[in-house]
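# An overview of the molecular structure
Chain residues, written in single-letter form:
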Amino acid sequence: MQDFASAAMVRLLVRAMRAHGLEPPAPPDVPPIKPGLEPLGRSQVPLTYKRSVVQAVLQQGGLGTLLQLAQRVDMIAGEPVYIALVRATSLPDLIARWQRLERYVHARHQVSVLAQGPQTMEIRHHARRGIPQEPLSAESVAVLGVILGAGDAMGVKGLQAQVLLPTGALQARNAAAPGAVLAAADKWARALMPMHGAPDTPQPPTSPSHPMGHWALQWEDHPPDGPTTAGHRGRTAQAVDADLCNALSWPALAHQLARQVLHDPAAAHTVDALARHVALPPRSLQRALAADGLSCRSIVTEARTRAAARWLLESPHSLAEIGFACGFADQPHFTRDFSRHVGMTPARYRQAFASGT
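An account of the accompanying structure is given in this report. Quick caveat: nothing in here was measured; it's all calculated off a predicted structure.

Assigned secondary structure in the protein consists of 14 helices and five strands. The buried share of the protein, reckoned over its 357 residues, is 49%. Only carbon and sulfur atoms are counted for the fraction: they give 53% of the accessible area of the protein, which is about 16,000 Å².

Here it is in C-alpha cells:
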C-alpha cells in the first residue's frame, strides 16, 4: 500500500481521466472506508493499482496527457492535501509545502531548488540520498503537473514551465480543456520521438536514463491579496473555522495570532512571520505574550490541535493527512502534541467522539 499523498494523486488522475473522456482501470477490490464512499477515498491504495492508472494514461495519451491530467487538482478540492498546498502565498511557498509533504510521507524522491530568482526557479526532481533509482519520467511529469495545477488554483499569473531535456527544452503549460489535453499529448509525442520512438507508440513510464525531472519555472508577481482559486475552477480552499480558539481566555493579541494560524494551519508560523502579521518586532511580541504566560509556539500548537480535532470529528480523512494539513512536522509530532493538549491520541479521540466519519 502507498501513502496518503500517492492515494490523493491516484484519485486526481482517475477523476481527471473520466472528465476528459479517458477510461481508468477498474478500482481496486478493497472495501470503502465507510458505506457510500468510493474505494479510492481511502488514505492508501495498492501500489499495483497506482501503476495501472499511470499506465492507462500513458497508453491512451502519453506523457503529455499525464502532465495535463495531473494539473486537475480541482478534482481533489476540499481534501486536506489540496487545502494545504493551494493556500500557499507564493510559488516558492508552494514548493516549500510540497517539500514538507515529501518529508512527512518519507517519499523516496524529492524536489530540490537549484536556483531561484524574483519570479523564476530551477528545480530538480530526484531520488533521495541512499535511494539507488531515480524517478521514472512518468513520476516526475506527474509531480510537475500537480505543481502547475496548484499554482493555477492559487491564482499565480503567467505560470510557465520548461522540462529541460538533453535534446532541448520542452514547454509545459496549463490546459484544462479536453482538446488542449490531446493537443499537448501530440506535441509531446513529437518532441519525445528521438528518445522514445514513433509518435504512435504508447509512451512508457520511461527509463531513468532519460529523466524529465529538471524544470525551469517562471511566473508573474502573485496577487498581493493572497491566494485565490482560478475563476474557471469555481471552488475555494476552505480554511477551518477561525473562531476555534475564541472560548479561551486569551488577550486580544493572542486571539489575533490564533486566527492567523487557523486561516492556514499548514503555513510555517515562525515568530518572525507572526510578528510581521501584528506589526510588532519579534522580541516585543514575545515579551507581550510572556506577560500572559503565552508564547508563539503555544498559540500555534493550540490552534493547530483544535483544527486537527475539527478534521478528526467531521471528516473521514486519515490521521496522517490531517496531521500534514494542520502543519505538524510528521506523524509522531502530531500524535505527541495532540495527546499533550487533549489527553488522548488522535486515533482514540476520533474513536471516542466522532460519528459517521
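Further remarks concern the packing of helix α11 (residues 296-314) against helix α13 (residues 331-342). Where α11 contacts α13, the axes come no closer than 10 Å and their chain directions differ by 95°. With respect to each other, α11 and α13 are oriented roughly perpendicular. On α13, the residues touching T301, E302, T305, A308, A309 and L312 of α11 are F334, D337, F338, H341 and V342. Residue classes in the contact of α11 with α13 are distributed as six nonpolar, three polar and two charged.

Turning next to unusual backbone geometry. Residue H106 is not a glycine yet carries a positive backbone phi of 55°. Looking at the element boundaries, H106 is found in the loop between α5 (91-104) and β1 (109-116). A residue is classified by how much of its surface remains accessible, and H106, at 65% relative accessible area, is exposed. The backbone of A279 shows a phi angle near 55°, a positive value even though the residue is not glycine. When you line up the elements, A279 lands in the loop between α9 (271-277) and α10 (282-290).

What follows is about the packing of α5 against helix α6 (residues 137-154). With their axes 10 Å apart at the nearest point, α5 and α6 run at an angle of 135° to one another. When the interaxial angle is binned, α5 and α6 end up oblique. When the axes of α5 and α6 are compared, the crossing they make is right-handed. Between α5 and α6, the contacting residues are L91, L94, I95 and W98 on the first element and V143, V146, I147, A150, G151 and M154 on the second. Class assignment for the residues of the contact of α5 with α6 results in nine nonpolar, one polar and no charged.

What counts and what doesn't
Residues numbered from 1 in each chain as written. Predicted model: local features only at pLDDT ≥ 70, side-chain atom pairs only at ≥ 80, totals over all residues. Heavy atoms only, no water. Helix = DSSP H or I, 4+ residues; strand = E, 2+ residues; numbered from the N terminus. Buried < 20%, exposed > 50% of the residue type's maximum accessible area, 1.4 Å probe, protein only. Areas by Shrake-Rupley, 256 points an atom, 1.4 Å probe, with all protein chains shown as cover. Axes fitted to C-alpha atoms, helices over the stretch in contact; angles between N-to-C directions. Parallel < 35°, antiparallel > 145°, perpendicular 65-115°, else oblique. Contact = heavy atoms within 4.5 Å. Nonpolar A, V, L, I, M, F, W, Y, C, P; charged D, E, K, R; others polar. Left-handed = near helix turned anticlockwise from the far one by under 90°.

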